[in-house]
Amino acid sequence: GPYGKQLVSASMAQGDKLDFAIGKGDDRDARAVSFVMDTAEFPLHVAERYHQFHDGFNLNENYPNSYNNLASKLAEKGKLEKSMCPNGWVGVGVGGL
């Protein structure tokens, strides 16, 4: 698509540590792979806040606090859209989000 070259350039400028793959929906997590989705086939749906900017699901796949804290910071600034999904089990998300 039109942004492919920009994605690759941005990755290379950061040391080329990220691969890209065409997302097919329900793709398994893969280390250092960003799945690119066709929004005509997979329209955007805002996720629950507790599902955004969290550590990976694999053992020792921990991201820095600067990444983990982005959801709270963006929410405080009104940058995260409201989700129609409940915020975690019984409306309570991880970390009080």
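Above this text sits the structure in question.
Described in the following lines is the structure provided in the data block. (Residues numbered from 1 in each chain as written. Predicted model: local features only at pLDDT ≥ 70, side-chain atom pairs only at ≥ 80, totals over all residues. Heavy atoms only, no water.)

## Observations regarding the overall build of the protein
Cut-off, in case you're wondering: Each helix is a run of H or I in the DSSP string that is no shorter than four residues. Each strand is a run of E no shorter than two, and both are numbered from the N terminus. Here's how the labels work: a residue is buried when its accessible area is under 20% of the maximum for its type, exposed when over 50%, partly exposed in between, all with a 1.4 Å probe on protein chains only. Every residue pair with non-hydrogen atoms within 4.5 Å of one another is taken to be in contact. Computed by Shrake-Rupley with a 1.4 Å probe, the accessible areas treat only the displayed protein chains as cover when residues are assessed.
Across its full length, the protein holds three helices and two strands. For the protein, the residues scored as buried account for 12% of the 97 residues in total. Taking the intrachain contacts of the protein between residues at least 6 apart in sequence as the baseline, contacts between residues at least 24 apart amount to 34%. In the form shown here, the protein has an accessible surface area of approximately 8100 Å², with 56% of it arising from carbon and sulfur atoms.

## Here we look at the environment of Asp 55
This is how it is decided: Whenever a nitrogen or oxygen atom comes within 3.5 Å of another N or O atom, the pair is scored as a polar contact, on the condition that within protein one atom can donate a hydrogen and the other can accept it, and that pairs from neighbouring residues in sequence are kept only if both atoms are in side chains.
Inspection of the secondary structure assignment puts Asp 55 in the loop between strand E2 (33-36) and helix H2 (65-68). With near-sequence residues (within four places) excluded, Asp 55 lies in contact with Glu 61, Asn 62, Tyr 63 and Asn 68. A polar side-chain atom of Asp 55 sits 2.8 Å from the main-chain amide nitrogen of Tyr 63. Reaching out from Asp 55, the side chain makes a polar contact with the side chain of Asn 68 at a distance of 3.1 Å.

## With respect to the environment of Ile 22
Among the secondary structure elements, Ile 22 is positioned in strand E1 (residues 19-22). A C-alpha to C-alpha distance of 5.6 Å links Ile 22 and Phe 35, two positions 13 residues apart in sequence. Contact partners of Ile 22, with chain neighbours within four places excluded, come to Phe 35 and Val 36.

## Some words on the packing of aromatic side chains
Rule in force here: When two rings of Phe, Tyr or Trp (its six-membered ring) have centres within 6.5 Å they constitute a pair, described as stacked for plane angles under 30 degrees, edge-to-face for angles over 60, and tilted for the intermediate range.
Counted under the stated rule, the structure contains two aromatic pairs. The interplanar angle of 70° and the centroid separation of 5.4 Å between the aromatic rings of Phe 53 and Tyr 67 together place this pair among those described as edge-to-face. One end of the pair, Phe 53, is in the loop between E2 and H2; the other, Tyr 67, is in helix H2, with 14 residues separating them in the sequence. According to the relative accessible area criterion, Phe 53 is partly exposed, its value standing at 22%.

## Topic: the side chain of Ser 11
Within the element layout of this structure, Ser 11 appears in helix H1 (residues 4-13). A polar contact is formed between the side chain of Ser 11 and the backbone oxygen of Leu 18, at a distance of 3.3 Å. Setting aside its immediate chain neighbours within four residues, Ser 11 contacts Asp 16, Lys 17, Leu 18 and Phe 20.

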